[in-house]
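# Architecture and fold: a report
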Amino acid sequence: MEWSNEEEAAARKKVKENSAVRVLLEEQVKFEREASKYWDTFYKIHKNKFFKDRNWLLREFPEILPFDQKTEEKARESSWDHVKTSATNCFSGMDCPTVPEEKSHYVKSSGSSEGQSKTESDFSNLDSEKHKKGPMKTELFPGSNASFRILEVGCGAGNSVFPILNTLQNSPESFLYCCDFASGAVELVKSHSSYRAAQCFAFVHDVCDDGLPYPFPDGILDVILLVFVLSSIHPDRMQDVVNRLSNLLKPGGILLFRDYGRYDKTQLRFKKGHCLSENFYVRGDGTRAYFFTKGEVHSMFCKASLDEKQNLVDRRLQVNRKKQVKMHRVWVQGKFQKPLHQTQNSSNMVSTLLSQD
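Residues numbered from 1 in each chain as written. Predicted model: local features only at pLDDT ≥ 70, side-chain atom pairs only at ≥ 80, totals over all residues. Heavy atoms only, no water.

- For the chain, the name recorded in an unreviewed UniProt entry is tRNA N(3)-cytidine methyltransferase, with Sapajus apella as its organism.
- Taken directly from UniProt, the Function (unreviewed entry) text for the chain runs: "S-adenosyl-L-methionine-dependent methyltransferase."
- The UniProt entry for the chain carries this comment under Sequence similarities (unreviewed entry): "Belongs to the methyltransferase superfamily. METL family." (UniProt positions renumbered as here; feature names shortened; annotations may be inferred.)

## Section: the nonpolar core
- Leu151, Phe216, Leu230 and Phe301 are the most contacted members of the largest nonpolar core, which totals 42 residues.
- Residue assignment for this core shows that the elements contributing at least two residues are strand 2 (148-153), strand 3 (174-180), strand 5 (221-227), helix 10 (235-248), strand 6 (249-260), strand 8 (280-282), helix 12 (294-303) and strand 11 (325-337).
- If one sorts the elements of this core by residue count, helix 10 sits on top with five residues.
- In contact with Leu151, not counting residues within four places along its chain, are Tyr177, Cys178, Cys179, Phe203, Tyr214, Phe216, Leu221, Val223, Ile224, Leu225 and Leu248.
- Core analysis: the second largest hydrophobic core is formed by 41 residues, Phe61, Cys155, Cys200 and Phe228 among them. (Core = buried A, V, L, I, M, F, W, Y, C linked by side-chain atoms within 4.5 Å. Buried < 20%, exposed > 50% of the residue type's maximum accessible area, 1.4 Å probe, protein only. Helix = DSSP H or I, 4+ residues; strand = E, 2+ residues; numbered from the N terminus. Contact = heavy atoms within 4.5 Å.)

## Looking at the pattern of salt bridges
- One pass over the structure, following the stated rule, counts 14 salt bridges.
- Ionic pairing is found between Lys30 and Glu27, a salt bridge with its closest N-O pair at 3.5 Å. You can see Lys30 and its partner Glu27 sitting in helix 2 (residues 25-33), three residues apart, about one turn around the helix.
- Where Arg244 meets Asp218, a salt bridge forms, and the shortest distance between an N and an O atom there is 3.2 Å. (Salt bridge = Lys/Arg side-chain N within 4 Å of Asp/Glu carboxyl O.)

If you want it as structure tokens, here you go:
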């Protein structure tokens, strides 16, 4: 849905009011230093009961599927009907730790998935077997035998992990990595009855720690899922995180992004004294949230040498029928692909050298 000028002006006024009083600097340092502790506490309290499973992922991000037609058809048969039936309440309260909204209903929505066909055609040009037999072929690591690899950053209790594993159960050549810097969250994933070590590897990892190695080499991932994660990271550290994730993608690999947008109702509900810096807030439980614009998202991922395939603002009107309350939800969604030309340039160089010989 589109906002009226009056609605946008009211939102801007509310943000100006709730950001007038900033959290003291020493407190801000504590929230940064102990970020993992606050999220660990969150998962100890709520376990896997707080967020709903993201059964909408396949609809918004079909790139999660490997591009083998038989596999894709089987995956659709097993999961697409379920995804469609979940569509009306797919976003209700599942990504907002401030206020769960279990009885919300959408009456209007906007936002599209342009760029998907272009992305899929780019992927179809990739030779997955060639990447499978890359420079690390003699070294074993989790998922080393897979030909299609996905990483979910900030997996939490597995609300994306298990819908993805359910979709990939007919794709034995696929492998899912998932990480979180809250060790309690990773334990919840690994102890889940649907966790399959043969096709999934969950591990504790702080994406802000540049020196911390991943359990797999750079340049092997087909897909990175970054959904409602970057907003919890300090704005000064976001670019380094995106740069590092870009290095993990293979040429043609894609990063799928969705997070809070500017003036989302979550931002408007913060009280004075919770603002850390411009558009960056701390909740009562110590966890943090940033609210993005489309331009900020574009700049960040393009600086990481990724090509923009999709970048949209998804505005929805959410209605709590029981309380007769209307809420404006705003998300930013994007798809950013690692250029193929790096591989093509290398091939051209080899061809040139051979012709000279």
